[in-house]
Amino acid sequence: MRVVPVAQLADNYGYLVIDESSGVAGIVDVAEAGPVLEAIQKEGVELRAILSTHHHYDHVGGNEELIECLRPQELTVFGYAEDAERIPGITHPLEDGQSFELGSLRGRAIFIPAHTRGHIAYYFESEAAVFTGDTLFAGGCGRLFEGDAAQMRSSLGRLAALPDETKVYCGHEYTESNLRFALTLEPGNARLSARAEEVARLRGDGKPSVPTTIEIEKATNPFLRSDSAELRASVQTRVQGVADDDVAVFAATRQLKDNF
Ligand code: ZN
Ligand code: FE
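Okay, so let's go over this structure.

Definitions and cut-offs
Residues numbered from 1 in each chain as written. Chains lettered and ligands numbered in written order. Predicted model: local features only at pLDDT ≥ 70, side-chain atom pairs only at ≥ 80, totals over all residues. Heavy atoms only, no water. Helix = DSSP H or I, 4+ residues; strand = E, 2+ residues; numbered from the N terminus. Rg over C-alpha atoms; globule rule 2.2 N^0.38 Å. Buried < 20%, exposed > 50% of the residue type's maximum accessible area, 1.4 Å probe, protein only. Contact = heavy atoms within 4.5 Å. Areas by Shrake-Rupley, 256 points an atom, 1.4 Å probe, with all protein chains shown as cover. Arc of directions from axis to C-beta. Donors = N, O, S within 2.8 Å, 3.2 Å for Na, K, Ca; no water. Tetrahedral: all angles 85-135°; square planar, octahedral: opposite > 155°, others 65-115°.

### Some details on the overall build of the protein
And step 1. A tally of regular secondary structure across the protein gives nine helices and 14 strands.
And step 2. By the compact-globule yardstick of 18 Å for 260 residues, the protein fits well, its C-alpha radius of gyration being 18 Å.
And step 3. When its C-alpha atoms are laid out on the principal axes, the protein stretches across 60 × 40 × 30 Å.
And step 4. A total of 260 residues make up the protein; the buried ones form 53% of that total.
And step 5. Residue pairs at least 24 apart in sequence account for 59% of intrachain contacts in the protein once pairs closer than 6 positions are excluded.
And step 6. For the protein, the exposed surface amounts to about 10900 Å²; the carbon and sulfur share of it is 48%.

Structure below.
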């Protein structure tokens, strides 16, 4: 498998997922058709599927135009079954844990609600890669539009339970500002400082900060670190009355980030 990030809108990423053995590809999230069509042509692949993570316009807004442009070619459109009415063009609704094929690649849907109530990740176990949309970001997590802190914490927990070496491809380039926020809570986290420097270098060179890995995120992402004593103390100093439990610390961390 080869993954090509496709920059869309101001800071969105779609990802061309290429099965090199067959030349077949899928695209994770389509905000606009144009950049996806360009990427397909540049890579010389045949697009067979759209893999939609959630219904927001900056992730599915280009589905219909892309389908229209590629007609009469058959396109499979994946999305979460219970959110099918909000995924334009959906043809193959997926349940939690359901597997699917893309050329010779085999993927699986992981249900991770809270940013929206119908959000899924696309996990390719044999390729050690996961596409997390707006749930897990490099250094951060999505806003709680249709779920609460406990639900987001458990969705992130499902992703954090994947093998350490799993590459994480997220829906936006928010990493620099996410890490700036993270450093306000854990200035003593050496891995975090090193990661912030690495990302600043990448971005300075005009390169994406993705992919990150599950291991890097567990070491640096404040939303996976509610058990860090330093983070907990920082949060409890800034927000009044935060109880000494993981969900309360997580909720207060999310609240601080909303106002960062
Ligand atoms: Zn979103
Ligand atoms: Fe988004």
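Still to come is the rest of the account.
### Brief notes about the environment of Tyr57
And step 1. With respect to the helices and strands, Tyr57 occurs in helix H2 (residues 57-60).
And step 2. Assessed through its relative accessible area of 64%, Tyr57 is described here as exposed.

### Here's the deal with helix H8 (residues 229-238)
Because each turn of an α-helix spans 3.6 residues, side chains separated by three or four positions in sequence point in the same direction.
And step 1. All of the buried residues along H8 are Leu231, Arg232, Ser234 and Val235. The buried residues of H8 all sit within an arc of 165 degrees when viewed along its axis, so they share a single face. For H8, exposure combined with an orientation more than 90 degrees from the buried face picks out Ala229 and Thr237.
And step 2. Lining the buried residues of H8 we find helix H5 (175-185) and helix H9 (246-258).

### Observations concerning the coordination of the iron ion (ligand 2)
And step 1. Protein ligation of the iron ion (ligand 2) involves Asp58 (OD), His59 (NE2), Asp134 (OD) and His172 (NE2), the donor distances falling in the range 2.1 to 2.3 Å.
And step 2. Geometry at the iron ion (ligand 2) is irregular, judged from the four donor atoms that bind it and their angles of 83 to 169 degrees at the metal.
And step 3. Between the donor residues of the iron ion (ligand 2), the gaps in sequence give the motif D-H-x74-D-x37-H.
And step 4. A separation of 3.2 Å is found between the iron ion (ligand 2) and the zinc ion (ligand 1), both of which receive a donor from Asp134. Taken as a pair, His59 in helix H2 and His172 in the loop between strand E13 (167-170) and H5 lie far apart in primary sequence, 113 residues in all. Across this residue pair, the class does not change: His59 and His172 are buried.

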